[in-house]
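Understanding the architecture of this molecule
Below are the chains, spelled out letter by letter.
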Amino acid sequence: MRMTLKAALMLGTLLTGTSAWAQELTVWDWKSGDPLAAPYYQKAKEVFEARNPGVTINYVMQPNDQYYTLLGTALSSNSGPDLFLMNGGAQAKARFGALLKLDDKVADIKGDLVGWEEFSDASGAYAIPLSIQGFVIYYNKKLYTDAGLDPANPPKTWAELTKVCDAIKAKGAVPCFAMGNKEGFGIEFWMSAIAANSWTAQEQADFAAGKLKWSDAPVKAILQSWVDANAAGWFPQGANSTAKFMDEYEGFMRSESANTIGLISDVAHWKQFDEFLEPANVGVYPMPSPSVASDKKEGEPKFPLAGGIGYGINKASANADLAVEFAKVLASPELEQIFFNDAGAVAANAKVDTAGVKSPAAIEILKIMATSGAPMAHANATAKELEEIHRLSQLLLNGETTVDEAAKRMDEVQAEARK
């Protein structure tokens, strides 16, 4: 007797032990393959799959430098993942149209998490934050000592920073700052770090609303400082050929530069630097600014701080409710504690315990966070503006355009992007 197709399929299911109702959630990110983040992602998978028999989590790690291009292509063809990781601010907000609105689905966790602003607009929240992100300067205390500087007293003003860079340059062994701008990411870090102290709260708000133009003095001054720092020899030659992630930071960890503008969370941060340079040799301070805004104090620089990364749910997903639940697992205190302990992520979940941290750099960051913080200026630009300033920042470093020309072009892009 020949077995019918239906019977064969049923037998195959029994033999393999696979549920006929098996489901797979596809999760895109650029972090799950990172050895430091792997325990967090693996534990989240185990917890969720145990709670949801028959459901499998499939992580798909995409290359960081192509991530948003690949994501855009997938979403436009309605074949995107069920949920996906995003940077807060411009990159997340540019994709709200493809995301499921979450307000009625996250009421139970809303009060536990911070950083929602970077994943929300006036209509509601579109992604669940995982981390808090900020830009600080990390410095190599041994190289400071070698240059005759006091490693216990990092610069607090632009004049002091200039003296530091002069001393590092005079020593001649390494450049003052590591810089990777191959993808144009260097200008993002520079812009937000400088704006944190040179822009008033109103100017930050006006820039986010598109009212403060790139040709206006506060913004153009940052572009000028970018050019001036390069002209003064603060950056290494070939910055436009150096990838920020991770060539710039690997060079810093090899003691090939005295300072680098790094992250406080996830990657290129205190935990990685501690492991390579030893905790006692890693210093940290907020970046000063050439000018200090009227609502700031000279010698008390702030650093940009905002929601870091978070997961959004593809509104075209057939598994949207399951995807929301998995995102909640990723943001839970149990999992976020692993993310902090193993990967050094400053968690968005306020229930994560940071009392046991021993890194001097991390302790300093957490202390500054308690009294400081400013908007992440670059994240309040549009995705189109970021794409263009990436290109123009390279031309500025090469001397192929002027600050006035770049600012004029950015005004045009800003006006077009915010129609």
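Counting from 1, residues in each chain are numbered in the order their sequence is written. The predicted origin of the model limits local features to residues at a pLDDT of at least 70 and limits the giving and counting of side-chain atom pairs to 80 or more, whereas totals for whole chains, interfaces and linings rest on all residues. Here the side-chain values reflect all heavy atoms present in the structure, with hydrogen atoms and water set aside.

Let's talk about the environment of aspartate 274
Strands are runs of DSSP state E lasting at least two residues, helices are runs of H or I lasting at least four, and both sets are numbered from the N terminus onward. Mapped onto the fold, aspartate 274 is located in helix H11 (residues 270–277). Once the C-alpha coordinates of aspartate 274 and isoleucine 309 are considered, the two residues, 35 residues apart in sequence, prove to be 22 Å apart. Working rule for contacts: check all heavy atoms of both residues, and any pair within 4.5 Å makes them a contact. What aspartate 274 contacts, discounting residues up to four positions off in sequence, is Pro279, Val282 and Ser359. A distance of 2.6 Å separates the side chain of aspartate 274 from the side chain of serine 359, its partner in a polar contact. Whenever two N or O atoms come within 3.5 Å, that pair is a polar contact, provided that in protein one can donate a hydrogen and the other can accept it, and provided that, for residues adjacent in sequence, both atoms are side-chain atoms.

Let's talk about the state of the cysteines
By convention in this document, the label disulfide applies to cysteine sulfur atom pairs within 2.5 Å. Using the criterion set out here, one finds 1 disulfide in the structure. Sulfur-sulfur distance for the disulfide between cysteine 165 and cysteine 176 comes to 2.1 Å. Here the disulfide of cysteine 165 and cysteine 176 is left-handed, its torsion about the S-S bond being about -70°. Here cysteine 165 is found in helix H6 (residues 158–171), whereas its partner cysteine 176 is found in the loop between H6 and helix H7 (185–198), with 11 residues between them in sequence. Like cysteine 176, cysteine 165 is buried. Exposure classes here rest on a 1.4 Å probe applied to the protein chains alone. A residue is buried below 20% of its type maximum, exposed above 50%, and partly exposed in between.

As for the packing of helix H2 (residues 38–51) against helix H12 (residues 320–330)
Orientation of H2 relative to H12, taken along the N-to-C sense of each, is 135°, at an axis distance of 10 Å. One finds that H2 runs oblique with respect to H12. Of the two elements, H2 crosses H12, and the hand of that crossing is right-handed. Packed against H2, whose contacting residues are Tyr40, Tyr41, Ala44, Lys45, Val47, Phe48 and Arg51, the element H12 presents Leu322, Glu325, Phe326, Val329 and Leu330 at the interface. As a working rule, the residues Ala, Val, Leu, Ile, Met, Phe, Trp, Tyr, Cys and Pro are called nonpolar, Asp, Glu, Lys and Arg charged, and the rest polar, with Gly in that last group. Within the contact of H2 with H12, the residues separate by chemical class into 9 nonpolar, no polar and 3 charged. Only the stretch in contact is used when a helix axis is fitted, and all axes are lines through C-alpha atoms; the angle between N-to-C directions ranges over 0 to 180 degrees. Roughly parallel refers to an angle under 35 degrees, roughly antiparallel to one over 145, roughly perpendicular to one between 65 and 115, and oblique to any angle outside these ranges. A crossing counts as left-handed when the near helix is turned anticlockwise from the far one by less than a right angle, and as right-handed when that turn is clockwise.

Quick look at the confidence of the model for the protein chain
Confidence of the prediction at every residue is given by pLDDT, a number between 0 and 100. In the predicted model, the protein chain carries a mean pLDDT of 93, and the fraction of residues at 70 or more is 95%. Predicted confidence is poor over residues 1–20, with pLDDT under 50, and the contacts of this stretch with residues over four places away or in other chains come to 5 contacts.

Comments concerning empty space enclosed by the protein
A 1.4 Å probe that fits but cannot get out identifies a cavity on a 1 Å grid over protein atoms alone, an open set with protein on both sides within 12 Å along at least five of seven lines counts as a pocket, and a residue lines either if it has an atom within 4 Å of a point. Grid points are joined across faces, edges and corners, and a volume is the space filled by probe spheres set on the points. What the rule picks out here adds up to 1 cavity of 30 Å³ or more. As a volume, the largest cavity reaches approximately 70 Å³. Lining of the largest cavity is provided by 13 residues; of these, Lys156, Ser289, Val292, Gly299 and Pro301 occupy positions nearest its centre. For the lining of the largest cavity, the per-class residue count stands at 4 nonpolar, 4 polar and 5 charged.

What about the packing of aromatic side chains?
How two aromatic rings sit relative to each other is set out by the distance from centre to centre and by the angle between their planes. Note on aromatic pairs: the rings of Phe, Tyr and Trp (six-membered ring only in Trp) are paired at centre separations within 6.5 Å, and the planes decide the class, stacked below 30 degrees, edge-to-face beyond 60, tilted for the rest. Considering all chains together, one arrives at 28 aromatic pairs under this definition. Judged by centre distance (6.3 Å) and plane angle (80°), the rings of tryptophan 158 and tryptophan 190 are edge-to-face. With tryptophan 158 in helix H6 and tryptophan 190 in helix H7, this pair connects stretches of sequence that are 32 residues apart. Each member of the pair tryptophan 158 and tryptophan 190 is classed as buried. Each ring, one from tyrosine 249 and one from phenylalanine 273, has its centre 6.2 Å from the other, and the planes form 35°; the classification is tilted. Of this pair, tyrosine 249 sits in helix H10 (residues 244–253) while phenylalanine 273 is found in helix H11, placing the two residues 24 residues apart along the sequence. For the pair tyrosine 249 and phenylalanine 273, a shared accessibility class is recorded, and that class is buried. These aromatic residues form a ring-pair network of at least three members: Phe135, Tyr138, Phe185, Phe189, Phe245, Tyr249, Phe252 and Phe273. In this analysis the charged atom, NZ for Lys or CZ for Arg, is taken to sit over a ring once it is within 6 Å of the ring centre and within 35 degrees of the ring normal. Lying across the ring of tryptophan 116, lysine 110 places its NZ or CZ 5.2 Å from the centre. Taking the ring centre of phenylalanine 189 as reference, the NZ or CZ of lysine 244 above it sits at 4.4 Å.

Observations concerning the sheet that holds strand E1 (residues 23–29)
In this scheme, strands are said to pair when DSSP sees at least two bridges between them. Read across the sheet, 5 strands follow the order E2-E1-E3-E11-E6 without closing on themselves; strand pairing throughout is mixed. Either end of the sheet is taken by a strand with one partner, and the two such strands are strand E2 (55–61) and strand E6 (127–129). The sheet shows a mean angle of 25° between the axes of neighbouring strands, direction not considered. Relative to strand E11 (residues 309–313), E6 is paired through 3 bridges, and the arrangement is antiparallel. Bridge pairing links alanine 127 to glycine 312 in E11.

Side note on the side chain of serine 359
Relative to the helices and strands, serine 359 resides in the loop between helix H13 (333–343) and helix H14 (360–371). The class for serine 359 is buried, based on a relative accessible area of 7%. Polar contacts involving the side chain of serine 359 include one to the main-chain amide nitrogen of alanine 362, which spans 3.1 Å. In this structure, serine 359 is in contact with Trp270 and Asp274, ignoring residues within four places of it in sequence.

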